[in-house]
Amino acid sequence: SVSFRGCSRNGGPEMRDDVRAEILDRLKSDYHMKEVGHWLRQGTCPQCRQRELFIDANTPWMLKCGRENRCGWTASTKDLYPEAFGHFAERFPATTADPTATADAYMSTCRGLDLSRIRGWYRQGHFSHPRGDRTTPTVVFDIPGAGEAGAFMERLIETVRVRDGDESKERKANFSGEHKGLCWQPPGMTIADGDEVWLVEGCIDAITLNLAGIKVVATLSAGNYPDHFLLQLAGRNITLVWALDNDRAGTSFIRKHAKTARDAGFVCKAALAPQPKERRKKADWNDLHLDGAFTNTKEQPERRQEALDEARHLGALLLAEKPTEKAMLIWERKRSRSSAFAFDFRFRTYWFELPQASMALAMKALQEIDPSNPNLEAEAARQACQVYAIANCQITFLYFQQDKMTDESWYYTRVDFPHGRHKIKNTFNGAQVATASEFKKRLLSIAPGALFSGSTNQLNWLVGRYLDEVKIVETVDFIGYSKEHQAYIFPTLAVADGQVFPLNEEDFFEVGTRLSIKSLNSSLHLHIGTAREYRPNWAEFLWQGWGAKGVIATAFFLGSLFAEQIRADTKSYPFLEVVGEAGSGKTTLIEFLWKLFGRSDYEGFDPNKSTLAARARSFSQVANLPISLIESDRERDDATKAKQFDWDELKTAYNGRASRSTGVKNNGNDTKEPPFRGALLISQNNAVNASDAIMQRIVHIDLTTASHTAASKAAADALASMPVEAVSHFLVLATTAERKVLETFKTTALRFEVELMAMPEIRIHRIAKNHGQIMALVVALANLINLPRGEVEATLDALRRAAIERQQALAADHPVVDHPVVEDFWEVVDYLGEAQTNHQRGGTAIALNLNHIQRLATEQKQQLPPLQDLKKHLRSSRSRKLIAVNKVVNSVIEDRSVKCWVFGKGA
């Protein structure tokens, strides 16, 4: 037998001492592991939270949870700590004396290969791309047979992100020259008549298997059929083992290439790299080598054979031509454990059953014919077994997801069809997988034409196969930032630690190596554009159209992406009020700002047209995104027809606390108080008419038509016509710059707050704090989109004036701009005169009957605010303080007892 050199006594390949030391330190720190002999143990598993993690301290390649049946979480330290295995060019630079030093370090440190056996099999190269984010040394494999022009494949030592239309594409390999029909094989390897030759995709996988004693070549890509190489083997009784990558492309091409090779006269088999349970990334042959699976040592001689047997079995299942053939392969491998099971074949689901009575009769008959037959049991089973379809589709339970608050849970499932025209992904709840009848109904309702015809017992087996090791995916019920997971969860991508993670094929996000997560919210759709589609010139149009006020609104939107983090640090995030007369451009501005976040043709919702429950749901749908309230302040003549929205509902939203508590639909007495995770935007024609507590929480900007010009109109039209895909990449730019934006905010917000409080015109601390925060966000926005310094200073000056105006407005009776309710009322009272309105006999009080005043105002043709508004706002009158409501007064005007609102005279 052949063994790897450079392998530790525990079965895995050796690791460089400096890399090993760094890995062990990180594991002890991150997972609180303890060193016990040559093991690290008692680490906290990130999935089951039990202290069951362990790893071989001599060869710390693979971290595992000891609860294999209940958890089984595994992770490669290469994936957990790529930086420990990276920076090869800096740590191991190539020199004239050692021109392959960087490549050698990569092959030994990152790939675990014995350099003494592979020197001269590769050379070191260099890769750069005009749109790449870095240059990197490479490991170059020259491809023989490419003619005078030559050809090679190079493995990039550091992954390069190339902007190629989409966000960016990772490049891990590069080809030069034409390699179609060719392959790479380890130097010095000879193929004799009757040999078995494996065909893998990558050169490093080929080296890995070759060092384990397997004759192997690399096809260089899954779709490349190496016909030039196979012509040399024709007629030599060579068995081909197709061992391409164990993914959708690899398995598809294994079937295709095996058929082509069989037609050419070759005997073909297949092998697939077994995938360790809970491994996040596809494991290739080299990954299994790092895990010790293909190491043949004296201490563990069986591991290599077990791994190869499993790989060959998976390959045989892949190449099975008929359902019965596949069923027998499964039965023969676990004949002692099961005589009935479900299995998939060509995207249909079948049931295998071996009745004992039929098996006994078949055994008896075959023994009478040839009692010495070594395959007697298998032949009898083939004759006696029953194989039939129980579903005309393939049903795969992907993972388990749960809403912990409502205690609702679902199994997320994929349904594939033989015709391949479409695949369906949807959920089944516990009741729907409990019985065959309910399962059949649900399947028919979510997948057109999908029919399950099996029994409940067969369904139990089918479900149990997946649920024994079902993956658990964490969920959130909103779109945006999850404070608990420190990640942004959007419909098609997630962002964490400055990195973008796309939605995977199973409709959840794999964020790093520790977090699987998705959002259950499907009502909010964001169309997030790519870097190629992004047009940064929108900032120029914004300034031309709205000037400093447009920048203030944009800074607020930027800050909303970090509202949770800001509130965690400062305990509050301000509301923004955008008020504008008809035609002032208010709607155009707000709709464009929503485009920056991927939402088109949207301005907000009217709280007066929604119930309290609907508002509560809308407020809890997003995190670190704005909630936009529009037209919530009705005109006077509408106020009597509709109940006014109470702004005091929103007091707690300023600090991120719940605005409403509801009962949870379960058997307990639980309540649900979802915190306010977003930012509040108010957009309407009239300014907010509310209590001082609400008014102090608002940063106010007022849009008018006075400054409109032909240039500003053209700029507004340009922004209005921009498609959402042209600007929504801003959302990615902002969230990936989270650390930089928050650093800018923390270093400048307090400074601006102190500056504003030092101004004699400002006395309310909350006003200074709110406007100082927006000023800090203006600076952060300027850094993000490169605003000119003059525009930044003009915007900061505008915010200073806005803070002063807010202070002045709060010193008046009721701080509204167009129709101040209290001031309007006292103007009418003063016009009518005290003799006609004051029912009090002498003294310093004013006793007013509101209905009486309304009648007098109508007779004198004076416009009085609606009684509903008066009763709401007169309680906060400052110029004449309220003393009593509905106090019975002996009227000097009517000489009878009248119920009056009693006020003091003067402030």
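Residues numbered from 1 in each chain as written. Predicted model: local features only at pLDDT ≥ 70, side-chain atom pairs only at ≥ 80, totals over all residues. Heavy atoms only, no water.

Side note on the overall build of the protein
Which entries qualify depends on this criterion: The secondary structure listing takes helices from DSSP runs of H or I that are at least 4 residues long and strands from runs of E that are at least 2 residues long, numbered from the N terminus. Note on exposure labels: buried denotes an accessible area under 20% of the residue type's maximum, exposed denotes more than 50%, and partly exposed covers the range between, all computed with a 1.4 Å probe on protein chains only. Residue contacts follow a heavy-atom distance rule, with two residues in contact if any of their heavy atoms lie within 4.5 Å.
Broken down by element type, the protein carries 29 helices and 37 strands. Oriented by its inertia axes, the alpha-carbon framework of the protein measures out at about 125 × 75 × 55 Å. In the protein, which comprises 907 residues, the proportion classed as buried is 52%. For the protein, the share of sequence-separated contacts (at least 6 apart) that also reach a separation of at least 24 residues comes to 63%.

Focus: the pairing of strand β37 (residues 897-904)
Cut-off, in case you're wondering: In short, DSSP must find at least two bridges between two strands for them to pair.
Burial within β37 is extensive, with six of its eight residues counted as buried. Across four bridges, the pairing between strand β35 (residues 845-848) and β37 is antiparallel. Note that in β37 the partner of Ala845 across the bridge is Gly904. As defined by bridge partners, strand β36 (residues 882-890) adjoins β37 across six bridges and the pair is classed as antiparallel. Residue pairing for β37: Leu882 is matched across the bridge by Phe903. Taken together, β36 and the strand that follows it, β37, pair antiparallel across an intervening segment of six residues, in which Asp895 is found at a positive phi of about 55°.

Here we look at the packing of helix α16 (residues 538-560) against helix α24 (residues 765-785)
For clarity, the threshold we go by: Helix axes are fitted only over the stretch in contact, all axes being lines through C-alpha atoms; the angle between N-to-C directions runs from 0 to 180 degrees. Note on angle classes: values under 35 degrees are labelled roughly parallel, values over 145 roughly antiparallel, values of 65 to 115 roughly perpendicular, and the remainder oblique. Helix crossings get a hand from a simple test, with the near helix turned counterclockwise from the far one by less than a right angle marking a left-handed crossing and a clockwise turn marking a right-handed one. The residue classification treats Ala, Val, Leu, Ile, Met, Phe, Trp, Tyr, Cys and Pro as nonpolar and Asp, Glu, Lys and Arg as charged. All others, Gly included, are polar.
Closest axis-to-axis distance for the α16/α24 pair is 8 Å, and the angle between their directions is 120°. The angle between the axes of α16 and α24 places the two elements in the oblique class. As α16 packs across α24, the resulting crossing turns out to be right-handed. Where α16 approaches α24, its residues Trp538, Ala539, Val551, Ile552, Thr554, Ala555, Phe556, Leu558 and Gly559 are matched on the opposing element by Ile774, Leu777, Val778, Ala780, Leu781, Leu784 and Ile785. In terms of residue class, the contact of α16 with α24 is built from 14 nonpolar, two polar and no charged.

Considering the side chain of Asn504
The cut-off we apply is this: As used in this structure description, the phrase polar contact means that two N or O atoms lie within 3.5 Å; if the pair is within protein, one of them must be able to donate a hydrogen and the other to accept it, and residues adjacent in sequence are counted only when both atoms belong to side chains.
With respect to the element layout, Asn504 can be found in the loop between β25 (499-502) and β26 (509-511). When its relative accessible area of 19% is taken as the criterion, Asn504 is described as buried. For Asn504, the side chain forms a polar contact with the main-chain nitrogen of Asp507, separated by 3.0 Å.

Regarding helix α6 (residues 203-211)
Most of α6 sits inside the fold, with nine of its nine residues counted as buried. Residues of α6 that are buried: Cys203, Ile204, Asp205, Ala206, Ile207, Thr208, Leu209, Asn210 and Leu211. Summarising the contacts, the buried residues of α6 are in contact with α5 (101-110), β7 (136-142), β8 (152-162), β10 (196-200), β11 (216-218) and α9 (285-290). Taken from the residues just after α6, Gly213 is the one with a positive phi, measuring 95°.

Regarding unusual backbone geometry
Leaving glycine aside, a negative phi is the common case for residues, and trans is the common case for peptide bonds. The backbone of His32 sits at a positive phi, close to 55°, despite the residue not being glycine. By the secondary structure assignment, His32 is in the loop between α1 (17-31) and β1 (34-36).

A short note on the sheet that holds strand β14 (residues 340-345)
Strand order in the open sheet formed by three strands is β14-β15-β16, with antiparallel pairing between adjacent strands. Of all the strands in the sheet, just β14 and β16 (386-391) have a single pairing partner and so form its edges. Taking each pair of neighbouring strands and ignoring which way they run, the sheet shows an average axis angle of 30°. The sheet contact formed by β14 and strand β15 (residues 348-353) spans six bridges and is antiparallel. Its bridge partner being in β15, Ala342 is matched across the sheet by Trp351. Contacting β14, β15 and β16, helix α11 (residues 323-333) runs over the sheet at an angle of about 130° to β14. Against the sheet, helix α15 (residues 456-467) engages β14, β15 and β16, with an angle of about 70° to β14.

Overview of the nonpolar core
Worth spelling out the cut-off: Residues grouped as a nonpolar core are buried Ala, Val, Leu, Ile, Met, Phe, Trp, Tyr and Cys residues, joined through side-chain atoms within 4.5 Å.
Formed by 99 residues in total, the largest nonpolar core has its most connected members in Trp538, Leu680 and Phe730. The residues touching Trp538, leaving out its near neighbours within four places in the chain, are Thr554, Phe592, Leu596, Leu719, Met722, Val727, Phe730 and Ile785. The next biggest cluster of nonpolar side chains, apart from the first, holds 67 residues, and it includes Ala105, Ile143, Ala271 and Leu288.

Focus on the sheet that holds β10
The four strands lie next to each other as β11-β10-β12-β13, forming an open sheet whose pairing is parallel. Edge strands, defined here as strands with exactly one partner in the open sheet, are β11 and β13 (267-270). On average, each strand axis in the sheet is inclined to that of its neighbour by 25°, with strand direction left out of account. Taken strand by strand, helix α8 (residues 248-263) contacts β12 (239-242) and β13, and its axis lies near 170° from that of β12.

Section: the pattern of salt bridges
Note the following rule: Counted as salt bridges are all cases of a side-chain nitrogen of Lys or Arg within 4 Å of a carboxyl oxygen of Asp or Glu.
One pass over the full model with this rule turns up 27 salt bridges. Among the ionic pairs, Arg333 bridges to Glu310, the shortest N-O distance being 2.9 Å. Taken together, the positions of Arg333 in helix α11 and Glu310 in helix α10 (residues 301-319) put the pair 23 residues apart, joining distant regions of the chain. With relative accessibility at 40%, the residue Arg333 sits in the partly exposed group. The class for Glu310 is partly exposed, based on a relative accessible area of 26%. The residue Arg800 makes a salt bridge to Glu755 at a minimum N-O spacing of 2.5 Å. One end of the pair, Arg800, is in helix α25 (residues 789-810); the other, Glu755, is in helix α23 (residues 738-757), with 45 residues separating them in the sequence.

Brief notes about the packing of aromatic side chains
Put simply, the rule is: Two rings belonging to Phe, Tyr or Trp (six-membered ring only in the last case) form a pair when the distance between their centres is within 6.5 Å. Interplanar angles under 30 degrees mark stacking, angles over 60 mark edge-to-face geometry, and anything in between is tilted.
Following the criterion strictly, the structure yields 35 aromatic pairs and no others. Between Trp538 and Phe730, the ring centres sit 5.7 Å apart and the planes meet at 85°, which makes this aromatic pair edge-to-face. Within this pair, whereas Trp538 is found in helix α16, its partner Phe730 is found in helix α22 (residues 730-736), the two being separated by 192 residues in sequence. Pair check on accessibility: Trp538 and Phe730 agree, each one buried.

As for the state of the cysteines
Put simply, the test is: Cysteine sulfur pairs qualify as disulfides if the two atoms are within 2.5 Å.
Enumeration according to the criterion identifies zero disulfides in this entry. We note that Cys203 lacks a disulfide partner, and the nearest cysteine sulfur, in Cys183, lies 9.4 Å from it. A relative accessible area of 1% places Cys203 in the buried class.

Side note on the side chain of Thr77
Mapping Thr77 onto the fold places it in helix α2 (residues 77-80). The class for Thr77 is buried, based on a relative accessible area of 0%. When sequence neighbours within four positions are dropped, the list of residues in contact with Thr77 reads Ile23, Leu27, Ile55, Pro60, Trp61, Pro82 and Phe85.

Brief notes about the packing of helix α12 (residues 356-369) against helix α13 (residues 376-384)
Where α12 meets α13, the closest approach of the two axes is 8 Å, and the angle between their N-to-C directions is 130°. Considering their axes alone, α12 and α13 lie oblique with respect to each other. In this structure, the crossing between α12 and α13 has a hand that is right-handed. Here Ser358, Met359, Ala362, Met363, Leu366 and Gln367 of α12 lie close against α13, whose contacting residues are Leu376, Glu377, Glu379, Ala380, Ala381, Gln383 and Ala384. In terms of residue class, the contact of α12 with α13 is made up of eight nonpolar, three polar and two charged.

Considering the pairing of strand β34 (residues 698-703)
The two faces of a sheet get side chains in turn, since along a regular strand they alternate between them. When you tally the buried positions in β34, you get five out of six residues, the bulk of the element. The pairing of strand β28 (residues 575-580) with β34 spans six bridges and is parallel. Looking at the pairing, Phe575 lines up with Ile698 of β34.

Remarks on the confidence of the model for the protein
The test is simple: Looking at any residue, its pLDDT shows the predictor's confidence there, from 0 to 100.
Averaged over all residues, the pLDDT of the protein is 87; the fraction at 70 or higher stands at 92%. The low-confidence segment residues 634-642 (pLDDT under 50) makes 16 contacts with residues lying over four places distant or belonging to another chain.

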